[in-house]
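Coordinates in review
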Amino acid sequence: MRYQAPATLLVLIAASLSACAPAPPPQQVAPVAGVAAEVDWSARYAQAERLMSWNVNQLVLGAPVQPQWVEGDRFWYRNRIAEGHEFILIDPVRGTRDRAFDHERLAQALTEETGVEYSAWELPLQALSFADDGRGLGFELDRRRWQCDVMEFRCEPPTAPIERVQNAALSPDAERAVILRDHDLWVRELATGEERRLTTDGAERYGYATDNEGWRRSDRPAVRWSPDSRRIATYRLDERGVGEMHLWQMAEGRPILHSWPYALPGDTVVPMYERVIIDVVDGTMVRLPIPPDHQRTSSCCGMMRGGAWGDAAWSEDSRWLAFTSVSRDYNTVTLRLADATTGQVRDLITETLEPFFEGSAAGRGGPNWRVLHQRNQLLWYSPRDDWGHLYLYDLDTGQQIRRLTSGDWTVIDVMQVDETGGWVYFTGAGREAGRDPYFRHLYRVSLDGGDVALLTPEDADHVVTMAPSGRYFVDSHSTPYRPPVAMLRRADGGPVITVEEADISGLEEIDWPAPIPFTALARDGATEIHGLMFRPSDFDPDRSYPIINRIYPGPQVGSIGPRTFQASRGGNSQALAELGFVVVQIDALGTPMRSADFHTYYYGDLADNGLPDQIAAMRQLAERHPYIDLSRVGMYGHSGGGFATAAALLRHPDFFHVGVSSAGNLDNRGYTYYWGEKWQGPLEELPDGTDTYTNQALHLLAENLEGRLLLAYGTMDANVHPNMTLLLINELIRHNKDFDVIVMPNRGHGFANEPFFVRKTWDYFVTHLLDQEPPREHRLRSN
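All of the points below concern the structure found in this document. This structure is a prediction, so every number in the text was calculated from the model and none was measured.

Scanning the entire structure with this criterion turns up two disulfides. At a sulfur-sulfur separation of 2.1 Å, the disulfide partner of C148 is C155. Here C148 and C155 share a disulfide; its torsion about the S-S bond, 105°, makes the bridge right-handed. On the basis of relative accessibility, which here comes to 5%, the residue C148 falls in the buried class. Note on cysteine connectivity: C300 is disulfide-linked to C301, with sulfurs 1.5 Å apart. As the torsion about the S-S bond is roughly 75°, the C300-C301 disulfide counts as right-handed.

Now the structure itself:
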């Protein structure tokens, strides 16, 4: 009888490839310090787990504030409180903050109406709306639309279940949905269920609105709706002849083969867009008379933004479509404008920069261009002078009118443009002297020129949400060590009301230690770089601690990410520190939000990964803090962090001793061309028989391994294919190296926070940096 595994069993394979006894560390390991002589490791793991994201995030009350704007510039949000959650309504005109309704009475009314017990502080309401008279409350509950009188607490019978069309692109008026079927587009009228076919010539590998970029794909159509819900901008994707990627899905008996087009650096045949505009009412299609475009956007990363086709924007009257065409090498960006009726296209502006054009200093986001139809002007972002700034152009002539911002700081994101009032609202970083250069602030500048005005003065990182009207914005400001305060401000920055002040008493009760910011000098001895340090809650400066670097090298983001307050930062660094380590996160050269030169520092050598800067900073920290033991240095990271971790042990074996590398793109010749051709450059053969990607291929450095390396991959990782890890494994075996491997069956790219893998990461560092025996098969509880 064949064994049938229980459905709840977490099937994991841990394969240890160790030929003999563990190799000695590069330096003599000191007696265990950083932990007490007698340690109850099960208890210590339990304490560390208390600081994992699935536990600590829920201990922060009153944050984050995510405003949902409704009529009259009001907004509501769902707020975490000690009892559960509440709904808050803010009225900026009256300057009031109130509970949106009596939660207990509404829960009672819904319980009586439905026969289902509802808790006052866990009401699963969505899409709230409020009548002007203060009595009417609308919301979605269990896929039905409800209308209730919140004075009498009577509710009308709900509507029929709201249709949720799977893998559909919903129109702005929520009356239509576009879907894909057999490579063609269809539109469904949601009120009647009527469907109409919009295209008829879609074919395998040559379909309409195909959402496939190789490294990511979905069954949802890639379109951008016009504001009047009549047209969609999309494309026909020509993938004919594009090389395929293959994965085997684990199954009893025969495994299941998955294959799909996935272009790699240097491929001569790559996916190409043929742009079209379709009128979903009369079914007419306009094919734009331009050459096919590459799968490129003017800012990283990916062709889809916010669920819609990226780097494109409609005019408010739905007559014009603006979009960018980007060269395969990312050097040249052309902004174009198409007439949605005739299809006529004209070029507005073209800019060429080397080694690549990046349209967002944040490394991901954008676009930061705007076509100002009312003013017949164009707002353009460019890092042409090493810093990302805003420029104004004439829409007819293409001539520059004026430069709007300047200086050794960078514009991050254009938030809103008030064409009538003549203001541009944008976030920027590095402008305020004496502050963390990664702190984002909101500014505005006149389109007619003049000084840049700071609208968020607090010395902190600011997360801003603008009201659709542009008259108000919500500003939530915080630092990695100071919890957020959310304020409502007028467009000129004037305060209206304090919305929330986060309560972190729950964190304090479990001895949560805030991260410690620090600065150091990069490899050049001159450039200031920034980091965060995490220490155990029972930190003792008289002890000696191994140091572990949690890395994500980018280049589209850095290790730290936004400088907002987070109870658990990436990689759960504080939880790991709790086991008896000092953990650091450092944004090295090659990461965004600084100058273009900073961002492109190691272009053409991805395996650099900013590691010389990481080493320089860690050495400086050890000089300042004698409790840091550089004879015991570790690193861990996932995806690009896995690439950097493996590179650390193979390129710098004299400094790094232990590493956990998961899902790493260890040779970018086997990763998406969308990525490699931007950060490494075109793949070209060299006269010596190598190529321009040889310098980043880690399997060619396998013989350098001296420390302890744990590799991990998911067998169904469609983003970073397992083949890259297998190349390194094969070479490590060929060189007779000791190393370890964890294979995660049927896992995709995002397994880093699975409890099993978190525990194995902890075990590895406790074993090889602390020389301790971790608790056997300690079970972590996830959320």
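Having seen the model, we can carry on.
Along helix α1 (residues 41–50), the positions that sit buried rather than exposed are W41, R44, Y45, Q47, A48 and E49. Buried residues belonging to α1 abut α2 (53–56), α5 (573–577) and α11 (755–769). Its side-chain oxygen placed 3.3 Å from the backbone nitrogen of S42, D40 serves as the N-cap of α1.

This structure, assessed with the given rule, holds 56 salt bridges. Across the salt bridge formed by R489 and E458, the nearest N and O atoms sit 2.6 Å from each other. Placement of R489 in strand β40 (residues 482–490) and of E458 in the loop between β37 (453–454) and β38 (461–466) is noted, with a sequence separation of 31 residues between them. The salt bridge partner of D475 is R489, with a shortest N-O separation of 3.1 Å. Placement of D475 in strand β39 (residues 472–479) and of R489 in strand β40 is noted, with a sequence separation of 14 residues between them. Salt bridges here are not isolated pairs; linked through shared partners, they connect E86, R97, R99 and E500.

Its place among the elements puts T591 in the loop between β45 (582–587) and α6 (596–599). Of the residues examined, T591 reaches a relative accessible area of 2% and is grouped as buried. Remark: the alpha-carbon pair of T591 and G610, spanning 19 residues in sequence, is separated by 8.4 Å. In contact with T591, not counting residues within four places along its chain, are Y438, P553, P555, V557, G558, F598 and H599.

This part is about the side chain of S226. Here S226 lies in the loop between β17 (224–225) and β18 (231–238). In this structure the side chain of S226 is engaged in a polar contact, spanning 2.6 Å, whose partner is the side chain of D228. Residue contacts for S226: discarding those within four places in its chain leaves P172, R231, W314 and S318.

Turning our eyes to something else, we now look at the sheet that holds strand β12 (residues 184–189). With antiparallel pairing, the four strands of this open sheet are ordered in space as β10-β11-β12-β13. Because the sheet does not close on itself, it has two edges, and the strands there are β10 (169–170) and β13 (195–197). Of the pairings in the sheet, the one linking β12 to β13 comprises three bridges and is antiparallel in character. Paired with R188 across the strands is E195, a residue of β13.

Rules behind the numbers
Residues numbered from 1 in each chain as written. Predicted model: local features only at pLDDT ≥ 70, side-chain atom pairs only at ≥ 80, totals over all residues. Heavy atoms only, no water. Disulfide = S-S within 2.5 Å. Buried < 20%, exposed > 50% of the residue type's maximum accessible area, 1.4 Å probe, protein only. Helix = DSSP H or I, 4+ residues; strand = E, 2+ residues; numbered from the N terminus. Contact = heavy atoms within 4.5 Å. Polar contact = N/O pair within 3.5 Å; in protein donor to acceptor, adjacent residues only side chain to side chain. Salt bridge = Lys/Arg side-chain N within 4 Å of Asp/Glu carboxyl O. Pairing = 2+ DSSP bridges.

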